[in-house]
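Observations on the model geometry
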Amino acid sequence: MANKEEGLKKQRFETLKDKHMMLWQLAYRMDEIPIIAESTKLQQAELLAQEKKKTLLKYCQYVKVATKSNWKKIKVAEAFCDYIRAHMWMVLLLLSKEAVELYMRLCRLKPEQRIRVDKGSEAPMLLVDLGLVDMAFLPEKEILILELAEDFKKIFIEVFRDVQSFGRTSPAASYLSPELRCGSFKRIIKGYEELDTRISKLIYYYGILSVEDMCEILKDCFHYTFTLEEFERYVVLRLERLEIVHTKVMPEEKTRYVTRNGIHITYACQQKERFGQEVPRKPVDKQALLALDDRLAVWLYDLLLLLKSCMIEEKIGYSIALRLLNSVGGNEGWAFCRSELIDLVDDLFEGEQFMFWYQISKLYLKFPVAALGGYSREEYAQANQIKNPYKILDDPEEQFWEEEDNIFYYSYEIQWELFCCFDAFVEDVNDLTKSRLRKCSKKYLDLEFQDLLMAYGCMLAGNPMYQQYLGALAENGNLQSQVIIENLLEIMKAWQI
């Protein structure tokens with residue numbers, strides 16, 4: 001096949017930006033990108049030299065390769081590539097599992113063979129970025145050609161076929177905790193993915209952490225043996241490159257902080273400096289991380305069901321939920337967090353607004369935030385005798401108006417009172433919590449939505465009394481009640497109630 005296509009004119013790309021643009025265009029147009037592999041006599045350093053020199057210098061800095069900042073790109077690329085060839089296992093740090101497996105497949109392809117890669121895959125771009133492949137395009141056939149640098153390919157195959165390269169005492173195993181198995185590059189990758197997951201959980205637990213604190217916690221909880229210097233290299237070369245985390249060095253203290261992508265890290269760091277020195281770090285262990293996982297899954301699931309009930313597409317709903325999570329975890333105030341959904345809920349009935357308001361409030365008040373050392377606003381308020389946790393880390397100049405119909409604009413005091421009553425009802429449905437919720441909601445909400453609140457609370461609590469309240473709601477017979485019942489039925493269907 002490749003021989004027949006040799007006569008076709010290949011489209012070449014001069015810069016890395018051009019290559020990225022072509023990959024994006026293919027991903028936009030095609031569900032799967034057909035790929036063939038060819039060999040090129042160009043060295044890996046020559047392919048990599050198209051990368052920005054600043055980025056290459058950063059790589060060299062973290063792998064401790066001596067370079068001169070005034071070297072030309074090709075010289076910096078050669079220095080970096082020489083180090084990688086001498087420490088081939090570091091490819092596993094720099095590439096995702098998918099990218100490593102794609103490169104292995106490319107090495108095994110015969111000239112007439114082709115493979116297909118999903119359009120959402122970033123693997124080809126990662127391989128191009130590191131100079132492991134060059135790329136061309138056959139416009140007539142819409143086929144992507146990935147050209148493998150022969151010098152790197154030979155060393156790669158030799159090292160990755162050798163079991164000794166990935167044994168327990170190998171450098172590649174330094175990022176695996178003792179209970180994980182070694183002996184092959186696939187097991188090493190699995191160990192790295194486990195570390196990625198544990199780091200992600202820690203960031204959700206604390207919002208933001210310094211590299212030093214994160215290293216210390218991982219050693220205490222999971223008995224890792226890497227040094228702080230090794231761990232910082234892992235964070236920068238793998239986690240940040242694969243966009244698993246975002247990092248920032250604060251110049252005043254020269255500390256590197258780590259947080260999730262999507263969080264405004266500069267703002268989060270500023271707020272952490274403002275509050276963090278006064279707040280001890282919340283204790284953590286394996287069980288605490290798993291418990292947060294379970295709670296977070298429930299909170300997000302409930303919110304996603306509400307979004308789905310309003311005919312929001314799943315991808316859009318997940319994007320909205322993730323933005324809310326990042327806003328809360330990144331120390332954003334209540335005014336900013338409610339603005340993430342205000343356009344959506346502004347057109348809803350008051351009862352529907354209440355359901356969204358409760359789910360967002362639950363995240364806002366109960367989810368850990370970066371500035372409070374892993375404590376939620378609710379926990380921090382209880383420990384420090386603060387009456388209203390809505391106000392913690394919020395803009396004190398933000399205005400709320402009680403006369404507004406939208407519950408998101410009610411005063412802090414009213415919102416806190418409503419939340420406490422409804423949350424207590426969800427936690428324990430009984431005569432006392434029911435009476436308090438009715439009394440509180442009568443003061444601030446329309447009477448016709450009393451049964452809606454009770455029905456929704458019982459559904460969240462898994463209490464069968466929701467049927468009684470749905471029946472009472474149906475007796476109202478107005479259009480709003482019918483729409484709300486339909487939405488609740490959609491939620492029940494998703495919950496398989």
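We now turn to the structure provided with this report.

Calculation notes
- All residue numbers refer to position in the chain's written sequence, counted from 1.
- This being a predicted model, a pLDDT of at least 70 is required before a residue's local features are given, and a value of 80 or more before pairs of side-chain atoms are given or counted; all residues contribute to the totals for chains, interfaces and linings.
- Each side-chain value is derived from all of the structure's non-hydrogen atoms; neither hydrogens nor water enter the calculation.
- Three labels apply to residues, based on accessible area from a 1.4 Å probe with only protein chains included: buried if under 20% of the type maximum, exposed if over 50%, partly exposed otherwise in between.
- For helices the rule is a DSSP run of H or I covering at least 4 residues; for strands it is a run of E covering at least 2, with both sets numbered from the N terminus onward.
- Criterion used throughout: strands pair if DSSP finds at least two bridges between them.
- Throughout, an axis means a line fitted to C-alpha atoms (over the contacting stretch in the case of helices), and angles, computed between N-to-C directions, take values from 0 to 180 degrees.
- In this scheme, roughly parallel covers angles under 35 degrees and roughly antiparallel covers those over 145, while 65 to 115 is roughly perpendicular and the rest are oblique.
- By the definition used in this description, the sense in which the near helix is turned from the far one sets the handedness, with an anticlockwise turn below a right angle giving left-handed and a clockwise turn giving right-handed.
- The contact criterion used is simple: two residues touch if any of their non-hydrogen atoms lie within 4.5 Å.
- All amino acids are sorted into three groups, where Ala, Val, Leu, Ile, Met, Phe, Trp, Tyr, Cys and Pro are nonpolar, Asp, Glu, Lys and Arg are charged, and the leftover types, Gly among them, are polar.
- An expected span of 1.5 Å times one less than the residue number is assigned to each helix.
- Aromatic pairing here means that ring centres of Phe, Tyr or Trp (its six-membered ring) are within 6.5 Å. Orientation follows from the plane angle: under 30 degrees is stacked, over 60 is edge-to-face, and everything else is tilted.
- Here, nonpolar core means buried Ala, Val, Leu, Ile, Met, Phe, Trp, Tyr and Cys residues that are tied together by side-chain atoms lying within 4.5 Å of each other.
- Salt bridges are counted wherever a side-chain nitrogen of Lys or Arg sits within 4 Å of a carboxyl oxygen of Asp or Glu.

1. Describing the pairing of strand S4 (residues 143–149)
The buried fraction of S4 is high, at seven of seven residues. Covered by surrounding structure in S4 are Ile143, Ile145, Glu147 and Ala149 together with Leu144, Leu146 and Leu148, the residues of both alternating faces. Relative to S4, strand S1 (residues 32–40) runs parallel, the two being bridged by six bridges. Following the sheet pairing, threonine 40 is matched in S4 by alanine 149. Examined bridge by bridge, strand S3 (residues 133–138) and S4 share six bridges and lie antiparallel to one another. The partner of methionine 135 across the bridge, within S4, is leucine 146. Between S3 and the antiparallel strand that follows it, S4, lie four residues; glutamate 142 among them carries a positive phi value of about 50 degrees.

2. A closer look at the packing of helix H13 (residues 286–309) against helix H17 (residues 350–366)
Two elements in contact, H13 and H17, have axes separated by 10 Å at closest approach and are oriented at 155 degrees. In this view, H13 runs roughly antiparallel relative to H17, as classed from their interaxial angle. Considering the relative orientation of H13 and H17, their crossing is left-handed. Contacts between H13 and H17 involve Leu296, Trp299, Leu300, Asp302, Leu303, Leu306 and Leu307 from the first element and Met355, Phe356, Gln359, Lys362, Leu363 and Lys366 from the second. Class assignment of the residues belonging to the contact of H13 with H17 gives a composition of nine nonpolar, one polar and three charged.

3. Considering helix H6 (residues 97–108)
Compared with the 16 Å implied by 1.5 Å per residue over twelve residues, the 17 Å span of H6 between its first and last C-alpha is a close match. Inspection of H6 places Ala99, Val100, Leu102, Tyr103, Met104, Leu106 and Cys107 among the buried residues, and these make up the whole buried set.

4. Some remarks on the packing of aromatic side chains
Taken as a whole and assessed by the stated rule, the structure comprises 30 aromatic pairs. One aromatic cluster is present, formed by Trp334, Phe354, Trp357, Tyr358, Tyr364, Tyr390, Phe408, Trp416, Phe419, Phe422 and Tyr456 through successive ring pairs.

5. A look at the nonpolar core
In terms of nonpolar packing, the biggest core is built from 169 residues, with Leu106, Tyr192, Ile199, Leu218 and Trp357 touching the most fellow members. Among the elements that make up this core, the one with the highest residue count is helix H9 (residues 185–206) (ten residues). If sequence neighbours within four positions are ignored, tyrosine 192 has contacts with Trp89, Leu92, Leu93, Ala172, Tyr175, Leu176, Tyr234 and Arg238. With eight residues, the next largest nonpolar core counts Met250, Tyr257, Ile265 and Ala370 among its residues.

6. Regarding the pattern of salt bridges
Summed over all chains, the structure comprises 24 salt bridges. Note that glutamate 379 is salt-bridged to lysine 282, the shortest N-O span being 3.1 Å. Of this pair, glutamate 379 sits in helix H18 (residues 377–383) while lysine 282 sits in the loop between helix H12 (265–275) and H13; the two residues are 97 residues apart in sequence, bridging distant segments of the chain. Accessibility expressed as a relative area gives 29% for glutamate 379, which makes it partly exposed. On the basis of relative accessibility, which here comes to 15%, the residue lysine 282 falls in the buried class. Residues joined by salt bridges that share partners form a network here, namely Arg12, Lys19, Asp134 and Glu147.

Read these as spatial facts, not as claims about activity.
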